[in-house]
Amino acid sequence: MMTDVTPAAPCALRLGAGRGGPWRSEPSDCGVYTKPYERSHIRMTPIVDRVECIVQDKLGDWPRQWEGFHWPGYTYEHTLRVRSLALALGEREGADPQVVELAALLHDIEKEVGKGHAAAGAETAERILAELEVDEALASAVCDAIATHTGGNTPDHPVENLVLGDADLIDANFGLVATWRFITIRAGHRMPMDETISSMAEWLPKKEALRDVLLTEAAKEITAARSARMQEFCRQLAEAWANGERNGEFDLPDLAEFITARHQTANLGRQIAELREATPDGREVSAAVAEILAGLEEEMAGRA
Ligand SMILES: [Fe+2]
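Residues numbered from 1 in each chain as written. Predicted model: local features only at pLDDT ≥ 70, side-chain atom pairs only at ≥ 80, totals over all residues.

J.: Give a description of the overall build of the chain that names residues and reports values.
T.: Broken down by element type, the chain carries 12 helices and 0 strands. Moving toward the C terminus, one meets the helices and strands of the chain in the order α-α-α-α-α-α-α-α-α-α-α-α. The buried share of the chain, reckoned over its 304 residues, is 43%. Taking as baseline every contact in the chain between residues at least 6 positions apart, the subset at least 24 positions apart corresponds to 71%. (Helix = DSSP H or I, 4+ residues; strand = E, 2+ residues; numbered from the N terminus. Buried ≥ 20, exposed ≤ 12 C-beta atoms within 10 Å, placed from the backbone. Contact = placed C-beta atoms within 7 Å.)

Next up, the structure:
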């Protein structure tokens, strides 16, 4: 299913819009509690919806213009993918989904700060969650996960922290999504396609080295599959590009050019939707491109 990343109308669920709502009224009927924040008598969905709105308001069009490795909307779309992946990893690792989901949504809320965005993000998250009257123990676990997500984790940290850190690292560096990001960034830096494709030979080994940083088994497993997929995509693209023949279908070189042409307003969800509707000149997509699109959708949903 496609992730909807269309900028929303001003959000009625943001902070200050109807505090003290009904989400605190329903006690949880879970029988066994192993962690303090699981004692929370909170129905989570309305809180998640409001947090999602707050994050979209802040990151939906940040930064205003393309800069470095960021462009308008990238961080918000990345956030939604990290949520999907962190929840999937967390399910396999026994993490608390409430902590994982809120931490993933808020983890880059202060991305504009730069290097210190994890600590700044934890502070902002604390304020937001207090405003939403989220249970203190739950909020504390969320903020702790945000504070350690940029390289601050050790195997001794809570599993919620680990899955967030791993999901964040994977989204930016592994898989078809990371390859789409690579092509987009090179396009933003005005690199000709020849060079973008040849530079993949240096880029891929650098990514491989990051696999050692992952801390959960679930992340290591999914990364092995993503790594294989991205290597194969890069290999096929380089081969088709060198071959130079276009066989009448919308093939991998066309896909790379399509991504490049849309780098200024790069939005993966919208690009896939556009290609699913029709290619720019109406050609059918090749089997290789169809496979890439399906793989991208699986990765965006955290299923691969
Ligand atoms: Fe992130």
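There's plenty left to go through after this.
J.: How would you summarise the packing of helix H7 (residues 175-188) against helix H9 (residues 217-243) if you had to cite specific residues and measurements?
T.: Where H7 contacts H9, the two axes come as close as 7 Å, and the packing angle between them is 45°. In terms of orientation, H7 and H9 fall into the oblique class. The residues of H9 that touch H7, namely those facing Gly175, Leu176, Ala178 and Thr179, are Arg226, Arg229, Met230, Phe233 and Cys234. Taken together, the residues of the contact of H7 with H9 break down into 5 nonpolar, 2 polar and 2 charged. (Axes fitted to C-alpha atoms, helices over the stretch in contact; angles between N-to-C directions. Parallel < 35°, antiparallel > 145°, perpendicular 65-115°, else oblique. Nonpolar A, V, L, I, M, F, W, Y, C, P; charged D, E, K, R; others polar.)

J.: How would you summarise unusual backbone geometry if you had to cite specific residues and measurements?
T.: Cis geometry is adopted by the peptide bond preceding proline 63, which originates at tryptophan 62 and carries an omega value of -10°. As for its placement among the helices and strands, proline 63 is situated in the loop between helix H1 (44-59) and helix H2 (74-93). We note that glutamate 133 has phi near 60°; this positive angle belongs to a residue other than glycine. According to the C-beta neighbour criterion, glutamate 133 is partly exposed, with 15 such atoms within 10 Å. Within the chain, arginine 190 stands out as a residue other than glycine whose phi angle is a positive 60°. On the secondary structure map, arginine 190 appears in the loop between H7 and helix H8 (193-209).

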